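Tertiary structure, described
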Amino acid sequence: MNVLFVCIQNAGRSQMAEALFERAADARHEARSAGSRPAERVHPEVVEVMRERDIELADRTPRGLDRSDLEWADLVVTMGCGDECPVIRGKRYVDWELADPAGLPLEEVRAVRDEIERRISALLTDLD
């Protein structure tokens, strides 16, 4: 199963989701992430809390959402991009309402990360 995680900037939620999914899926499924308006870099507070899970995001570059990503995906998980996320008929979409971690205190960014981790676990149970 190909899973695409999408948020606005691809600098926080979707980056965390992609990395956590890749680790948990252990090559059983593939993931990508993208943003409708990508930032220049992954948010530093996101990089910091992901290092606590031994995942390095500092070298990742946020990328824009491309139609080919949507075509590649079997499942699209949106996170707060609303109408900015295009929809392709016939694809499965799930919307996860999660706080944008940009500029939040580390304890709140950890809470977002942990919620994403919980949802990834449930998603993988469903996909497997």
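Note: the structure precedes this text.
Residues numbered from 1 in each chain as written. Predicted model: local features only at pLDDT ≥ 70, side-chain atom pairs only at ≥ 80, totals over all residues. Heavy atoms only, no water.

1. Notes on the pattern of salt bridges
If you walk through the whole model with that rule in mind, you get 15 salt bridges. Close ionic contact of Arg113 with Asp114 constitutes a salt bridge, the shortest N to O distance being 2.9 Å. What you see here is one network of salt bridges that share partners, running through Glu52, Arg53, Arg110, Arg113, Asp114 and Glu117. (Salt bridge = Lys/Arg side-chain N within 4 Å of Asp/Glu carboxyl O.)

2. What to know about the nonpolar core
What tends to happen in soluble globular proteins is that the nonpolar side chains get buried as a cluster. Ranked by internal contacts, the top residues of the largest apolar core, which has 29 residues, are Phe5, Phe21, Ile120 and Leu123. Looking at this core, the elements with two or more residues in it are strand 1 (2–7), helix 1 (13–25), helix 2 (44–51), strand 3 (75–78) and helix 4 (106–127). Among the elements that line this core, the one with the most residues is helix 4, at seven residues. Counting ten residues, the second-largest nonpolar core is a separate cluster that includes Leu4, Trp72, Cys81 and Ile88. (Core = buried A, V, L, I, M, F, W, Y, C linked by side-chain atoms within 4.5 Å. Buried < 20%, exposed > 50% of the residue type's maximum accessible area, 1.4 Å probe, protein only. Helix = DSSP H or I, 4+ residues; strand = E, 2+ residues; numbered from the N terminus.)

3. As for the side chain of His43
By the element assignment, His43 lies in the loop between strand 2 (30–35) and helix 2. If we ignore the near neighbours within four places in the chain, the residues touching His43 are Gln9, Ala11, Gly12, Asp100 and Ala102. (Contact = heavy atoms within 4.5 Å.)

4. Overview of unusual backbone geometry
At Asn10, a position not held by glycine, the phi torsion is positive, near 50 degrees. Among the structural elements, Asn10 can be located in the loop between strand 1 and helix 1.

5. Considerations on the packing of helix 2 against helix 4
Angle between the axes and distance between the axes: these two values describe a pair of packed helices. Where helix 2 meets helix 4, the closest approach of the two axes is 10 Å, and the angle between their N-to-C directions is 65 degrees. As judged from the angle between their axes, helix 2 and helix 4 are roughly perpendicular. The hand of the helix 2/helix 4 crossing is right-handed. Counted together, Glu45, Val46, Glu48, Val49 and Met50 of helix 2 and Leu106, Val109, Arg110 and Arg113 of helix 4 form the full contact between these two elements. Residue composition of the contact of helix 2 with helix 4, by class: five nonpolar, no polar and four charged. (Axes fitted to C-alpha atoms, helices over the stretch in contact; angles between N-to-C directions. Parallel < 35°, antiparallel > 145°, perpendicular 65-115°, else oblique. Left-handed = near helix turned anticlockwise from the far one by under 90°. Nonpolar A, V, L, I, M, F, W, Y, C, P; charged D, E, K, R; others polar.)

6. Focus: the pairing of strand 3
Burial of the side chains of strand 3 extends over both faces: Leu75 and Val77 are buried on one face and Val76 and Thr78 on the other. Of the strand pairs in this sheet, strand 1 and strand 3 are connected by four bridges, and their pairing is parallel. In the sheet register, Val6 faces strand 3, and the bridge partner there is Thr78. Where strand 3 lies against strand 4 (residues 92–95), four bridges are found, and the strand directions are parallel. Bridging from a neighbouring strand, Val77 pairs with Val94 of strand 4. (Pairing = 2+ DSSP bridges.)

7. Brief notes about helix 1
Taking 1.5 Å of rise per residue, 13 residues should cover 18 Å, and helix 1 covers 18 Å from first to last C-alpha, within 8% of that figure. The buried count for helix 1 comes to ten of 13 residues, which makes it a mostly enclosed element. Of all the residues in helix 1, the buried ones are Arg13, Ser14, Gln15, Met16, Ala17, Glu18, Ala19, Leu20, Phe21 and Ala25. Contact partners of the buried residues in helix 1: strand 1, strand 2, helix 2 and helix 4. Of the residues flanking the end of helix 1, it is Asp26, one or two places downstream, whose phi is positive at about 50 degrees. (Expected span 1.5 Å × (residues − 1).)

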